[in-house]
Structures are given as structure tokens and as C-alpha cells.
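For reference, the chains in residue letters:
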Amino acid sequence: SAVISQKPSRDICQRGTSLTIQCQVDSQVTMMFWYRQQPGQSLTLIATANQGSEATYESGFVIDKFPISRPNLTFSTLTVSNMSPEDSSIYLCSVGERGTQYFGPGTRLTVL
Amino acid sequence: AQTVTQSQPEMSVQEAETVTLSCTYDTSEGDYYLFWYKQPPSRQMILVIRQEAYKQQNATENRFSVNFQKAAKSFSLKISDSQLGDAAMYFCAYRSADNYGQNFVFGPGTRLSVLP
């Protein structure tokens, strides 16, 4: 399976600021996904990011708050904009490969 | 819409013993895939096992095996010879067969503790 890395692994941010999370894959993949995992909760899909097209956002998530870039088949970024303490979560990227999703190590975000 | 339920928020098992984690799902589709993922404290989501609904044979992966009951819409995970490293959150997930790699539905998770 693909090897996926994320940067940063964790960060502590002030409210009102923005953070960009990077996701790097060691092979070319068509489908990439961004998830949010709030403390003690399951995973919630934020958006699907396919190269060459605009990201598709799930209900409750908007592009102005979570802009996503997918410049090539091995890289994507998720920005969490104008952060509030409610954005404190783990953010995970994943890739779709042979009908299965494989996940990066996650970014733990704390907003003060 | 499909839903995935894990009725056990927490479970514990003695080291070297066997434990079974429950998962039920609701779907009207005939073809789909089911997964178990493990998330240890390091937070990395790791694929444990995958089952195709059209296969009657239960998937196995070393100490991990599933009991897939399609009519009952049940997909339990059995961990044999439990080890301390098995302690983690376990998530059951569902995917429609026609959404290749997309639109996973995750259950709420079961936290497994392994007692020495």
C-alpha cells in the first residue's frame, strides 16, 4: 500500500489564524480524502480531492473554511481557516487504492 | 443511507486470550465491502482486515478473523492470542461496491484494552 506522510504532526494555534496541513504520498493516486476526527469520536469525511478537479465537500463543510489543493497525483493540502476552539481535532488524509483507503498518521490540531 | 453500529464503546481482554468486537450495519445494497481499522494511541489508522460481501468465506489475517453474517448484517472481529500491542480503537467501516475507494462509512469505534 501507499506510504502517506503528513505535516505537521501536531500544532497549537491561536483562534482566528489559519493552518495548512500537507499530505504527501509515495506513489501516484487518483483519490485523496480529508477527514476530521474530533476528540473521542469517529471519522467524518470533510472532502474528496481528485487531481484536476475541484474538491467535493461533504454536508457541513465549506470551501471557505477548509480550502483544499491537489496540484498533482502525490500531494494535497488542507487549510483550516479562521480557526476556533471547535476546530481542535485530528485531521487525517487518506488515499483510495484498490478499493481500500489507507491513512496518513494524522495531524493533531489544538486551537486556543 | 448506510449506517454502521458498534454497540461496545469499550472492551477489555486479558493478554493471550481471545476477544470479539461487534459490528452491525444497515444497507439495502447487495454488494459492498466491509473493513476493520485499528487506531492505536499514535493515531495512525491501520487496515486490519477486509471482507467482500459476495464472498461467503470469512476473511482471516494472522490472529485476526471475521465472522461475516450477511443476512444478519453482522461483521464481528475476533482477535486471538491478544497482545499488548492490540490495544487501540477499532473502527468498522462500510463501502458500497459501486463507490470504488470512496464514501466509507465508519462506525463509532470500540476501545480495546489489553490487560497484562
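Attention in this report is confined to the structure presented alongside it. Everything numeric in this text was worked out from a predicted model, so none of it was measured. (Residues numbered from 1 in each chain as written. Chains lettered and ligands numbered in written order. Predicted model: local features only at pLDDT ≥ 70, side-chain atom pairs only at ≥ 80, totals over all residues. Heavy atoms only, no water.)

## Some points on the overall build of chain A
1) Next: Each helix and strand counted, chain A has 0 helices and 11 strands in total.
2) Next: If you list the helices and strands of chain A from N to C, you get β-β-β-β-β-β-β-β-β-β-β.
3) Next: By its C-alpha atoms, chain A is 40 × 25 × 20 Å across when sized along the principal axes.
4) Next: Counting every position in chain A, which comprises 112 residues, the buried fraction comes to 51%.
5) Next: Sequence separation of 24 or more characterises 53% of the internal contacts of chain A that already satisfy a separation of 6 or more. (Helix = DSSP H or I, 4+ residues; strand = E, 2+ residues; numbered from the N terminus. Buried < 20%, exposed > 50% of the residue type's maximum accessible area, 1.4 Å probe, protein only. Contact = heavy atoms within 4.5 Å.)

## Topic: the sheet that holds strand S8 (residues 75-80) of chain A
All names here are of chain A.
1) Next: Here we have 4 strands laid out as an open sheet, ordered S1-S3-S8-S7, and antiparallel in their pairing. Taken across any chain shown, the strands that pair with only one partner, and hence form the sheet edges, are strand S1 (4-7) and strand S7 (68-72). Going from strand to strand, the sheet's axes swing by 15° on average, the running direction of each strand aside.
2) Next: When strand S3 (residues 19-25) meets S8, the two strands line up antiparallel, connected through 6 bridges. Looking across to S8, one finds that Leu-19 is bridged to Val-80. (Pairing = 2+ DSSP bridges. Axes fitted to C-alpha atoms, helices over the stretch in contact; angles between N-to-C directions.)

## Concerning the packing of aromatic side chains
1) Next: Throughout the structure, instances matching the rule amount to 15 aromatic pairs over all chains.
2) Next: The interplanar angle of 90° and the centroid separation of 5.7 Å between the aromatic rings of Tyr35(A) and Phe106(B) together place this pair among those described as edge-to-face. On the criterion of chain membership, the pair formed by Tyr35(A) in strand S4 (residues 31-37) and Phe106(B) in strand S11 (residues 105-106) is interchain, its members lying in two chains. For the pair formed by Tyr35(A) and Phe106(B), the shared burial category is buried.
3) Next: Put simply, the rings of Tyr35(A), Phe103(A), Phe35(B), Tyr37(B), Phe104(B) and Phe106(B) touch in pairs and so form one group of aromatic residues. (Phe/Tyr/Trp six-rings, centres within 6.5 Å; stacked < 30°, edge-to-face > 60°.)

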